[in-house]
Amino acid sequence: MTLPRRVTLLAALAAPSLALAQSRFPSRALRVFVPWTPGGATDLQMRAVCEVASRHLGQSIVVENKPGASGTLGAQILAREARPDGYTLSQMPNGVFRMPAMMRAQNMTPPFDPMTDFTWILRMVGYMGGVVVRPDAPWRSMPELISHARANPGTLFYGTPGANTTDVTMTRLAQLLDIQWTAVPFRGAAPNLQALLGGQIDFSAETSAWADMALEGRVRPLALWMASRAARFPDVPTFRELGHDIVSESAYGLAAPRGTPPAIVKILHDAFKLAVHDPQHLAVLARFDMPVRYLDSEAYADDVRQVNAQEIATVEALGLRPGG
């Protein structure tokens, strides 16, 4: 038998097995990486959407926290270790685009290429976030905080959930206003907010993990970086309302390794789409004022190309470097 005939025969024999495997997908539990510490808004949102999606898939979904590296450890595992069989997925924050851009700007080799190493499943939600202070802080508004920073350059320290995360938004604001403050990166929302309550930092630039704390009076929000005011915080202005043209909702979704079969992608997409719009999941979003930002697989792939280009431009404009 000639080599081409043998290859063709082997391919023909393998095709039914692949089709059968896909038709039975999923036949076991899935893993979904959340590249942040437990307890933050992203962690709770992802656990809620995975719980609902597991019912539609008929299999359990194990959520694994992988904090560190500015939210890119899940993506690194997808690119380096995971098989393209649909059983390993990851939440994909903007750091997945920003970190490779920063590394290339420093002539370093990134551990993955966001444009070639992933299969994009769907975009799900965006973040509500902003600047919060302790109730006893001297600043009652964002303009007061900015005035203090302008009068006392370099003396204010603020927390972020990781290097090159919310500090990018705050650096943009600082450059816009010609002020200086210093970012202190933590490994997630929980330690960031704990440091604020403990007095180790002056304010936190954080996503909506602080929402319940604000309603309880444990922190005071000064301004949001959303496109519009949050439903539960109607008195808190946006950056735009204060005259600063900055919106940073950082919408995110799910991805699988490169080469995941389209039939499996569709199964995953359909299950998670139902989960995103499920009342149980929407109740969690309402708790953190997180907006639904759903896109299907094709539209999400188009969107990430735009986000990637935007992050490259941001890295160049702000001179961002790996590690902050």
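The structure contained in this document is the topic of the report that follows. Note that the coordinates shown come from a computational prediction; the quantities given were computed from them, not determined experimentally. What you see as residue numbers is a count from 1 along each chain, following the sequence as written. It should be noted that, the model being predicted, local features are given only for residues of pLDDT at least 70 and side-chain atom pairs only at 80 or more, the latter also being counted only at that level, while totals for whole chains, interfaces and linings use all residues. Working from all heavy atoms in the structure, the side-chain values ignore hydrogens and water.

### So, the nonpolar core
Met46, Met124, Trp210, Leu254 and Phe272 are the most contacted members of the largest nonpolar core, which totals 54 residues. It is helix H2 (residues 41-57) that contributes the most residues to this core, 8 residues altogether. Counting 23 residues, the second largest nonpolar core, distinct from the first, contains Ala137, Ala149, Ile179 and Phe239. In these notes, a set of buried Ala, Val, Leu, Ile, Met, Phe, Trp, Tyr and Cys residues joined through side-chain atoms within 4.5 Å is what counts as a nonpolar core. Three labels apply to residues, based on accessible area from a 1.4 Å probe with only protein chains included: buried if under 20% of the type maximum, exposed if over 50%, partly exposed otherwise in between. Only DSSP runs of H or I reaching four residues or more are called helices, and only runs of E reaching two or more are called strands; each is numbered from the N terminus.

### Things to note about the sheet that holds strand E6 (residues 157-160)
When DSSP finds two or more bridges between two strands, those strands count as paired. Across the sheet, which stays open at both edges, the 5 strands sit in the order E7-E6-E8-E5-E9 with mixed pairing between neighbours. Every interior strand has two partners, whereas the edge strands, strand E7 (182-185) and strand E9 (220-224), have only one. Each adjacent strand pair in this sheet contributes to an overall mean axis angle of 30°, direction not counted. Pairing of strand E5 (residues 129-133) with strand E8 (residues 203-207), which is carried by 4 bridges, proceeds in the antiparallel orientation. Across the sheet, residue Val131 finds its bridge partner in E8, namely Ala205. Axis lines are fitted through C-alpha atoms, for helices just across the contact stretch, and the angle between N-to-C directions can take any value from 0 to 180 degrees.

### Side note on the environment of Leu73
Here Leu73 is to be found in helix H3 (residues 73-80). On the basis of relative accessibility, which here comes to 27%, the residue Leu73 falls in the partly exposed class. Sequence separation of Leu73 and Pro111 is 38 residues, and the distance between their C-alpha atoms is 9.8 Å. By definition, residues are in contact when any of their heavy atoms lie within 4.5 Å. Contact partners of Leu73, with chain neighbours within four places excluded, come to Pro35, Lys66, Pro67 and Gly68.

### Quick look at unusual backbone geometry
With an omega of -10°, the peptide bond running from Phe25 to Pro26 counts as cis. Position of Pro26 relative to the elements: it lies in the loop between helix H1 (3-23) and strand E1 (30-34). A positive phi is found at Ala69, a non-glycine position, where the angle reads about 55°. Structurally, the position occupied by Ala69 is in the loop between strand E2 (61-65) and H3. A positive phi angle, near 50°, is found at Ser250, a position not held by glycine. Within the secondary structure, Ser250 sits in the loop between E9 and strand E10 (252-257). What makes Ser250 partly exposed here is its relative accessible area of 22%.

### Quick word on the sheet that holds strand E3 (residues 88-92)
With mixed pairing, 6 strands are arranged side by side in an open sheet as E2-E1-E3-E10-E4-E11. Bordering the open sheet on either side are E2 and strand E11 (292-295), each of which pairs with just one other strand. When the angles between neighbouring strand axes are averaged without regard to direction, this sheet yields 25°. Pairing of strand E4 (residues 118-125) with E10 involves 6 bridges; the strand directions are antiparallel. If you follow Thr119 over to E10, its bridge partner there is Ala256. Seen against the sheet, H3 touches E1, E3, E4 and E10 and runs at an angle of roughly 145° to E3. Where helix H11 (residues 297-318) meets the sheet, it contacts E3, E4, E10 and E11, and its direction lies at approximately 95° from that of E4.

### Some thoughts on the packing of H2 against helix H9 (residues 262-276)
At a minimum axis distance of 8 Å, the contact between H2 and H9 shows a crossing angle of 130°. Put simply, H2 runs oblique to H9. Between H2 and H9 the crossing geometry is right-handed. Judged by residue contacts, Val49, Cys50, Val52, Ala53, His56 and Leu57 of H2 engage Ile267, Leu268, Ala271, Phe272, Leu274, Ala275 and Val276 from H9. Amino acid classes used here: Ala, Val, Leu, Ile, Met, Phe, Trp, Tyr, Cys and Pro are nonpolar; Asp, Glu, Lys and Arg are charged; the rest, including Gly, are polar. Here the residues of the contact of H2 with H9 are counted per class, giving 12 nonpolar, 1 polar and no charged. Orientation categories follow fixed angle ranges, with anything under 35 degrees roughly parallel, anything over 145 roughly antiparallel, 65 to 115 roughly perpendicular, and all other angles oblique. Here is the rule for handedness: rotate from the far helix to the near one, and if that takes an anticlockwise turn smaller than a right angle the crossing is left-handed, while a clockwise turn gives right-handed.

### Description of the pairing of E6
Pairing analysis gives 4 bridges linking E6 to E7, with the strands arranged parallel. For Thr160, the partnering residue across the bridge sits in E7 and is Pro185. Regarding the hand of the β-α-β motif, the stretch spanning E6, helix H6 (residues 166-177) and E7 is right-handed. Sheet analysis places E6 next to E8, joined by 2 bridges and oriented parallel. Here, the term right-handed applies to a crossover whose path from the first strand over the helix to the second runs clockwise when the strands point away from the viewer.

### Details of the environment of Arg220
Mapping Arg220 onto the fold places it in strand E9. Residue class for Arg220 comes out buried when judged on its relative accessible area of 14%. Leave out the neighbours within four places in its chain, and Arg220 touches Val131, Val132, Val133, Arg134, Pro135, Ala137, Trp139 and Arg140. Nitrogen and oxygen atoms within 3.5 Å of one another constitute a polar contact, given that in protein one can donate a hydrogen and the other can accept it, and given that sequence-neighbouring residues count only through two side-chain atoms. A polar side-chain atom of Arg220 sits 3.1 Å from the main-chain carbonyl oxygen of Ala137. Separated by 2.7 Å, the side chain of Arg220 and the backbone oxygen of Trp139 make a polar contact.

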